[in-house]
Amino acid sequence: MSGPQGTIRTISAGGYSAEIAEVGASLVSLRGFRGHLVRRTPPEGLRPGCNGAILAPWPNRLRDGRYDFDGETHQLPLTEPERSNAAHGLVLWERWDVIAHRPHELVMSLDLVPQPGYPFSLSLEVVYSLSASGLECRVTSTNTGKRPAPYAVAGHPYLVADGADGSVPDAIDDWTLTIPASSYVEADPERLLPRAIHPVEGTAYDFRAGRRLGREPYDVALGDPERSPDGRFACTLSTASGDGVLLECDAEASWIQVYTDDQPPGEAGRRAVAVEPMTAPADSFRSGRDLVTLDSGQRHSVAWRIRDLRAG
């Protein structure tokens with residue numbers, strides 16, 4: 001079907017099914033053996049915020065939309081004017097082209113043209129593929145220009161642990177989130193920009209042994225994850241009965257943003273938890289932290305996988 005999110009396409013395999021929209025290459029829904037694994041975006045309306053979208057060529061926020069790179073100063077439009085930030089990159093409201101649609105896989109691409117504030121050329125490809133191991137999302141970007149380009153990327157899935165579609169108010173309070181990260185980014189409360197990085201030990205941001213979410217609001221970046229020998233690490237969101245969802249990241253993902261989507265009473269919020277794999281934290285164009293410099297013709301790829309916690 002076609003609407004504000006563009007055409008939405010379905011893939012299925014291994015007991016899973018997923019819907020992906022053209023706009024933002026967004027994950028609209030993902031169902032596993034026990035029900036929903038991510039918050040479902042109603043297909044007939046405008047996508048709420050960044051739900052399920054790909055964020056590139058930077059995730060999160062960039063202070064004043066201004067940065068220096070390769071001897072030049074660049075100014076981006078302020079897409080979060082109330083905080084004077086450029087937020088969440090340049091592709092989340094673009095309509096991606098579908099390159100291939102197979103029963104178990106969807107391949108999409110987008111050419112990011114040079115523009116004010118980001119005068120670089122990128123070719124982006126997203127591959128969503130399903131198997132008995134869940135849904136893998138792989139984002140590959142190639143610098144198609146003649147000059148180096150700054151780059152970072154993220155996904156923005158909202159996870160649900162109870163199998164519902166993310167519409168149950170305050171459902172997350174009794175869920176437990178586990179993330180093997182040993183540091184967190186302290187952000188200023190007004191602009192949500194980094195101030196410093198601290199160990200999670202002894203703080204409300206220590207999710208290493210699992211933490212019940214309760215009523216605590218979270219909007220924090222977690223880093224320095226403990227990885228397996230192949231560089232991967234996994235985050236889980238679970239109910240008291242052990243149901244839930246697992247998000248596994250490959251070696252190119254270095255940060256996880258946790259966001260509980262707290263909203264005023266009566267508005268949509270606290271119904272799912274954004275657990276966002278990022279290659280770099282907020283303001284990386286200015287700080288340089290984990291920022292990738294793509295030389296002409298160079299390619300970067302990162303992948304994450306979402307699956308039912310009880311499967312496999």
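In case you missed it, the structure is sitting above this.
Predicted, not measured: the structure shown is a model, and the values here were computed from it.

Draft legend 1. Molecular detail of the sheet that holds strand β3 (residues 27-31). With respect to topology, three strands assemble into an open sheet ordered β1-β2-β3, the strand pairing being antiparallel. With partners counted over all chains shown, the strands left at the sheet margins are β1 (8-13) and β3, one partner each. Recorded for the sheet is a direction-independent mean angle of 15° between the axes of neighbouring strands. In terms of strand pairing, strand β2 (residues 16-21) meets β3 through four bridges, oriented antiparallel. When the bridges of β3 are listed, S17 appears paired with R31.

Draft legend 2. Looking closely at the environment of G14. Note that G14 resides in the loop between β1 and β2. Looking at G14, the relative accessible area reads 37%, which means it is partly exposed. Along the chain, G14 and L110 lie 96 residues apart, while their C-alpha atoms are 28 Å from each other. Setting aside anything within four residues of it in sequence, one finds G14 in contact with F33, S131 and A132.

Draft legend 3. Structural view of the packing of aromatic side chains. This model, assessed by the stated rule, comprises nine aromatic pairs. On the basis of an interplanar angle of 75° and a centroid distance of 4.8 Å, the ring pair of Y118 and F120 is categorised as edge-to-face. Like F120, Y118 is buried. Where Y118 meets F285, the ring centres are 6.3 Å apart and the plane angle is 15°; that geometry is what we call stacked. Placement of the pair is Y118 in the loop between β10 (105-112) and β11 (122-131) and F285 in helix α1 (residues 284-287), with a sequence separation of 167 residues. On the basis of relative accessibility, which here comes to 5%, the residue F285 falls in the buried class. One aromatic cluster is present, formed by W58, Y67, F69, Y118, F120 and F285 through successive ring pairs. The ring of Y158 has R39 sitting right over it, with the charged end atom 4.0 Å from the ring centre. Over the ring of W93 we find R47; its NZ or CZ atom is 3.9 Å from the centre of that ring.

So, how was this worked out
- Residues numbered from 1 in each chain as written.
- Predicted model: local features only at pLDDT ≥ 70, side-chain atom pairs only at ≥ 80, totals over all residues.
- Heavy atoms only, no water.
- Pairing = 2+ DSSP bridges.
- Helix = DSSP H or I, 4+ residues; strand = E, 2+ residues; numbered from the N terminus.
- Axes fitted to C-alpha atoms, helices over the stretch in contact; angles between N-to-C directions.
- Buried < 20%, exposed > 50% of the residue type's maximum accessible area, 1.4 Å probe, protein only.
- Contact = heavy atoms within 4.5 Å.
- Phe/Tyr/Trp six-rings, centres within 6.5 Å; stacked < 30°, edge-to-face > 60°.
- Lys NZ or Arg CZ within 6 Å of the ring centre and 35° of its normal.

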